[in-house]
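A look at the structure
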Amino acid sequence: MMERGERAIFSGLNFGAAAGELVALTGPNGAGKTTLLRLIAGLVRPQAGTVELEGGDEDRTIGQQAHMIGHQHGIKPALTVEENLRFWKDFLGGETVQGRLEGLGLEALRDFPAGVLSAGQRRRLSLARLLVAQRPIWLLDEPTTGLDQRSLGLLSEHMRGHLQEGGIIIAATHGALGLKPTAVIALGEAA
Amino acid sequence: MKPIAALIRRDLGVALRQGSSLGTAIGFFLAVVMLLPIGLGPDQALLQRIAPGALWIALLLSVLLSADRIFLDDYDDGSLELLASGPLSFELVTLTKACVHWLTAGLPLAVIAPILGFLVNIGPDQVLPLAAAMIMGSLGISLLAALGAAVTVGLRRGGMMVSLLILPLYVPVMIFGVAASTPQTIMAGSGVSSLMILAALSLAALVMVPIAASAALRAYMQ
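These numbers were taken from a predicted model, which means no experiment stands behind them.

Scoring rules and cut-offs
- Residues numbered from 1 in each chain as written.
- Chains lettered and ligands numbered in written order.
- Predicted model: local features only at pLDDT ≥ 70, side-chain atom pairs only at ≥ 80, totals over all residues.
- Helix = DSSP H or I, 4+ residues; strand = E, 2+ residues; numbered from the N terminus.
- Expected span 1.5 Å × (residues − 1).
- Contact = placed C-beta atoms within 7 Å.
- pLDDT = per-residue confidence, 0-100.
- Buried ≥ 20, exposed ≤ 12 C-beta atoms within 10 Å, placed from the backbone.
- Pairing = 2+ DSSP bridges.
- Axes fitted to C-alpha atoms, helices over the stretch in contact; angles between N-to-C directions.

Below, the discussion takes up helix α5 (residues 149-164) of chain A. All names here are of chain A. Given a rise of 1.5 Å per residue, 16 residues ought to cover 22 Å, and the 23 Å separating the end C-alpha atoms of α5 matches this to within 8%. Tucked inside the fold, the buried residues of α5 contact β3 (22-26), α4 (119-132), β5 (137-141) and β6 (168-172). Looking one or two residues beyond α5, the residue adopting positive phi is G166, at roughly 95 degrees.

On average, chain B scores 89 in pLDDT, and the residues at 70 or more come to 100%. For this predicted complex, the interface confidence comes out at an ipTM of 0.85, alongside a pTM of 0.89.

The next subject is the pairing of strand β4 (residues 66-69) of chain A. All names here are of chain A. Burial along β4 is two-sided: A66 and M68 and H67 and I69, pointing in opposite directions, are all buried. For β4 and β5, the ladder comprises four bridges, and the chain directions are parallel. Residue pairing in the sheet places A66 in a bridge with I137 of β5.

Residues and elements named next belong to chain A. The parallel open sheet is built from five strands, whose spatial order is β4-β5-β6-β3-β7. The sheet is open, and its two edges are formed by β4 and β7 (183-186), each paired on a single side. On average, adjacent strands in this sheet sit at an angle of 15 degrees to one another, irrespective of strand direction. Relative to β7, β3 runs parallel, the two sharing four bridges. Following the sheet pairing, A24 is matched in β7 by V184. Running at roughly 175 degrees to β4, α4 makes contact with β4 and β5 of the sheet. Where α5 meets the sheet, its contacts fall on β3, β5 and β6, and the angle it forms with β6 comes to roughly 140 degrees.

Written out as structure tokens, the structure is:
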């Protein structure tokens, strides 16, 4: 159960996702999709209930084993695209940024300051974080916003690859993700 | 260590490229120190007597100018949440960010202060004690500023709140900082003990501020 300012956003919500499964969260604006993702990532605490990860690394929290791609991208406008990505690689303990920019069609923008990127390019740079450090759970908050057809295809491909490697993806979305979700959870009407 | 190094490198890179906080701090410090002798007139004895206090006040206020930005940019662009879910404990993240603020605002000022001190007529034998006290004290100043910044990060126009909240905590740093760099106390031999207390204040802040600041930031992210 989760409340925001006395208003219960959802209660009695119960779902699981196994390795290789894609769960889509749907619902109108304000239904609590983002809140649910933040709750799974451990950024907010539920009033009641728990989030559990079976078979993960027990020394680390779920948040430390999940990538959260939200509305804010954590991009520093003063640094170049590559420097931004390199920072997240080093900070999150990834291996290399080699080839990761290409993975989302950002190679031509490598040396541009991130401040000049368009909304879709910023989104892609944010998504590139998924690729520089391996984490089993991807929490994607409307990942397709602002993406063009080609980037959408690249993203779908990366998501498919991640699922095939046994990862879990939970994505809040209004549109198509380019692959069929294993389960769809429709959150209730907004007040 | 690698995440810490990465965070330091990023924050230094941003600070150097934007250059705003360091530039503002140094500009403000220069303005105060250069205007002081003009405002007070040519009484050299008076200048020498008030020089350490004036330099400390200038240092404190210059550092405060950029204090509210320590966590604000990261809070606004979502980096803070991502940093909180990294492999590094969040206390270390806040400590690292406070130390980067010291490197880009407190330390440069502490280093140029004794040189600019000649403008307000400090004696040559004061230079070393002043530099030591300022380098030591500015670390505490930056750490306390980080605490204020963390407590007010989600408030719009939190700048004034930072000053009000942190000012009382600055009083001990100020007292012992000035005591460690005035000629009278240095002559009387109590300069070193003041310096020790100053170091103790900074070290206490080094331990306590990350815990308090990260708790405040976590509360804002809820």
